[in-house]
Amino acid sequence: THFGYKNVPTEDKAKLVGSVFSQVAKNYDYMNDAMSCGVHRLWKNHFIDKLDPGQRYAGKPLNYLDIAAGSGDIALRILNHSARKYGDNESNITISDINREMLAEGAKRFEHTRYRQGTPQGDRVKFLVQNAETLESIPDNSQDMYTVSFGIRNFTDIPKALKTAHRVLKPGGVFACLEFSKVELPVIKQVYSAYSFNVIPLLGQVLVGDHDSYQYLVESIEKFPTQDEFANMIREAGFATVGSGYENLTFGVAAIHTGIKL
Ligand code: SAM
């Protein structure tokens, strides 16, 4: 059956998103590569280079918070980048997601890295099951950087999550979001939209026998605000932005939005 996501009442969105991500958790990384032909890796690498985590380290451990972290792609890149470039082997990261199954995939991946838990460095990495809209166990003004990658469009109440991001960041802290966005160039827009509406659900069907979850993903991208609308939402939550507040990637197929808590 088709989710008919656009007609789902808001209060049911959380449930729907929960079941979608429980469904896709096991194949998540594999499907990302299949659907984007590996391009999501380039976007994520660019996202990290742009944020340049570790830059502010200078011997004083920082607190990173990766939200909707799923299998931990961004978190791992943050730790690797700041260790390699700034010799930061001290800073902490909280890897958080609302979905236990997605987080379990992340925990599995971290078992095979030098950041795994249970080593002398183990307490640098924490996993936390929590809703990004509230983050009730994260204290006010406690985080240096908040990242959310391909997560925010799944939240039921995005303005509330943005206010929470603002609450948990320290003054001077950085909010950074990598998310699918809107293509404006007409021809590319047509090609992209044909690809996403026809090919992605089909890939879901053929590769992992799950058409509906991937149909949901495509529809959720379509429903998400434009680059400028989303930048305004970030400002409304209290953040300052530089210039337009975003950078388009691959013609706007994805975009990076940033904000600073003053
Ligand atoms: N950040 C990873 C990446 O870039 O590959 C994973 C992104 S995955 C597409 C989206 C994640 O958002 C899922 O793991 C899902 O459980 C999570 N999510 C959805 N709603 C959430 C919420 N309200 N609070 C926290 N996480 C949420």
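Residues numbered from 1 in each chain as written. Predicted model: local features only at pLDDT ≥ 70, side-chain atom pairs only at ≥ 80, totals over all residues.

Peer 1: Just checking my understanding: could you explain the confidence of the model for the protein for this structure?
Peer 2: Low pLDDT means the predicted coordinates in that region are not meant to be read closely. Summing up the model confidence of the protein, the mean pLDDT is 91 and the portion of residues at 70 or higher is 93%. In the model output, the complex is listed with pTM 0.93 alongside ipTM 0.99. (pLDDT = per-residue confidence, 0-100.)

Peer 1: Got a minute to help me understand the pairing of strand E4 (residues 143-149) in this structure?
Peer 2: The side chains of a regular strand alternate between both faces of the sheet. Judged by how many residues are buried, E4 sits mostly within the fold: 7 of 7 residues are covered. The sheet contact formed by strand E1 (residues 63-67) and E4 spans 4 bridges and is parallel. When the sheet's bridge partners are listed, Tyr 64 is paired in E4 with Met 145. In this sheet, strand E5 (residues 169-180) lies alongside E4 in parallel orientation, the contact comprising 6 bridges. (Buried ≥ 20, exposed ≤ 12 C-beta atoms within 10 Å, placed from the backbone. Helix = DSSP H or I, 4+ residues; strand = E, 2+ residues; numbered from the N terminus. Pairing = 2+ DSSP bridges.)

Peer 1: In this structure, what is going on with helix H7 (residues 186-208)? I would like to understand it.
Peer 2: Three- or four-residue spacings in an α-helix give side chains the same orientation, since the helix completes a turn every 3.6 residues. With 23 residues, H7 should reach 33 Å at 1.5 Å per residue; the first-to-last C-alpha distance of 32 Å fits that figure. Taken as a whole, H7 carries its principal kink of about 30 degrees at Ser 196. Restricting attention to buried positions, one finds in H7 the residues Ser 196, Ile 200, Pro 201 and Gly 204. Buried residues along H7 sit against helix H2 (28-36) and helix H8 (211-223). Gly 209 occupies a position one or two residues after H7 and carries a positive phi of about 65 degrees. (Expected span 1.5 Å × (residues − 1). Bend = angle between axes of the 7 residues up to and from the residue. Contact = placed C-beta atoms within 7 Å.)

Peer 1: Whenever I open this one, the sheet that holds E1 confuses me. Can you help?
Peer 2: Backbone-to-backbone hydrogen bonds join strands into a sheet, with any given pair of strands oriented parallel or antiparallel. The mixed open sheet is built from 7 strands, whose spatial order is E3-E2-E1-E4-E5-E7-E6. The two strands at the open ends of the sheet, each matched to only one other strand, are strand E3 (125-129) and strand E6 (246-249). Ignoring which end each strand starts from, the neighbouring axes of this sheet average 15 degrees apart. Along the sheet, helix H5 (residues 100-111) contacts strand E2 (92-97) and E3; its crossing angle with E3, the most-contacted strand, is approximately 165 degrees. (Axes fitted to C-alpha atoms, helices over the stretch in contact; angles between N-to-C directions.)

Peer 1: Looking at this structure, how should I read the environment of Phe 197?
Peer 2: Examined against the element boundaries, Phe 197 turns out to sit in helix H7. What makes Phe 197 partly exposed here is the crowd of 14 C-beta atoms within 10 Å. C-alpha of Phe 197 to C-alpha of Tyr 214: the two residues are 17 residues apart in sequence and 9.4 Å apart in space.

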